[in-house]
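# Close look at the chain arrangement
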Amino acid sequence: MCQHKVDCPSADDPARQAAAVISSHPDQGWSLLCNGVVLFEDTGAVLPDGRTTAPHRDGALAGASA
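Here is a short report on the structure shown in this document. Residue positions are given per chain, counted from 1 along the sequence in the order it is written. Reporting of local features is limited, given that this is a predicted model, to residues whose pLDDT is at least 70; pairs of side-chain atoms are given and counted only at 80 or more, and all residues count toward the totals for whole chains, interfaces and linings. As a rule here, side-chain values cover all heavy atoms of the structure and leave hydrogens and water aside.

### Examining the overall build of the protein
- Strands are runs of DSSP state E lasting at least two residues, helices are runs of H or I lasting at least four, and both sets are numbered from the N terminus onward. The secondary structure content of the protein amounts to one helix and five strands.
- Type-normalised accessible area, obtained with a 1.4 Å probe on protein chains alone, sets the label of each residue: buried when under 20%, exposed when over 50%, and partly exposed for intermediate values. For the protein, the proportion of its 66 residues judged to be buried stands at 27%.
- By definition, residues are in contact when any of their heavy atoms lie within 4.5 Å. Taking the contacts inside the protein whose residues are at least 6 apart along the sequence as the reference set, 20% of them involve residues at least 24 apart.

Here it is, written out as structure tokens:
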């Protein structure tokens, strides 16, 4: 899918979120990556085959309280 000179990680690659953004919708909280992944602002994702990934939580922020 990716047409860049340097290939972006595939949707199955653990580094899939490093792919280039081809359509950004910050008002709705999601972006479409060139590998077909829909990435949400909470870092959760929907892969092209319909599988989902849970949001990632930064360990440094996990212990923080408001």
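So much for the structure itself; the text now carries on.
### Topic: the sheet that holds strand E1 (residues 21-25)
- Judged by pairing direction, the sheet is antiparallel, and its five strands sit side by side in the order E1-E2-E3-E4-E5 without closing on themselves. Since the sheet does not close on itself, it has two edges, and those belong to E1 and strand E5 (52-53), each with one partner.
- We treat two strands as partners when DSSP finds at least two bridges between them. Relative to strand E3 (residues 38-40), strand E2 (residues 30-33) runs antiparallel, the two sharing three bridges. For tryptophan 30, the partnering residue across the bridge sits in E3 and is phenylalanine 40.

### Section: the environment of asparagine 35
- One can find asparagine 35 in the loop between E2 and E3.
- Overall, asparagine 35 belongs to the buried group, its relative accessible area being 8%.
- For the pair asparagine 35 and leucine 47, spaced twelve residues apart in sequence, the C-alpha to C-alpha distance is 8.8 Å.
- Polar contact criterion, stated in full: a pair of N or O atoms within 3.5 Å, where within protein one must be able to donate a hydrogen and the other to accept it, and residues adjacent in sequence count only if both atoms are side-chain atoms. A distance of 2.9 Å separates a polar atom in the side chain of asparagine 35 from the backbone oxygen of proline 9.
- In terms of polar contacts, asparagine 35 uses its side chain to reach the backbone amide nitrogen of valine 37, at 3.2 Å.

### Some points on the pattern of salt bridges
- Every case where a carboxyl oxygen of Asp or Glu lies within 4 Å of a side-chain nitrogen of Lys or Arg is listed as a salt bridge. Evaluation of the coordinates by the stated rule reveals two salt bridges.
- Among the salt bridges present, the one from aspartate 12 reaches arginine 51, with a minimum N-O distance of 2.7 Å. Linking aspartate 12 in the segment before E1 with arginine 51 in the loop between strand E4 (45-46) and E5, this pair joins segments that are 39 residues apart in sequence.
- The partner of aspartate 49 in a salt bridge is arginine 51, with the nearest N and O atoms 2.7 Å apart.
- What makes aspartate 49 exposed here is its relative accessible area of 52%.
- Given the relative accessible area of 43%, arginine 51 is considered partly exposed.
- Several salt bridges share partner residues, and in doing so they unite Asp12, Asp49 and Arg51 into one network.

### Digging into the nonpolar core
- The biggest cluster of nonpolar side chains holds nine residues, and these are Cys8, Ala11, Ala19, Leu33, Cys34, Val37, Leu39, Ala45 and Leu47.
- Among all residues touching leucine 33, those that are not within four sequence positions of it are Arg16, Gln17, Ala19, Ala20, Val21, Ile22 and Leu39. Working definition of a nonpolar core: buried Ala, Val, Leu, Ile, Met, Phe, Trp, Tyr and Cys residues. They are joined through side-chain atoms within 4.5 Å.

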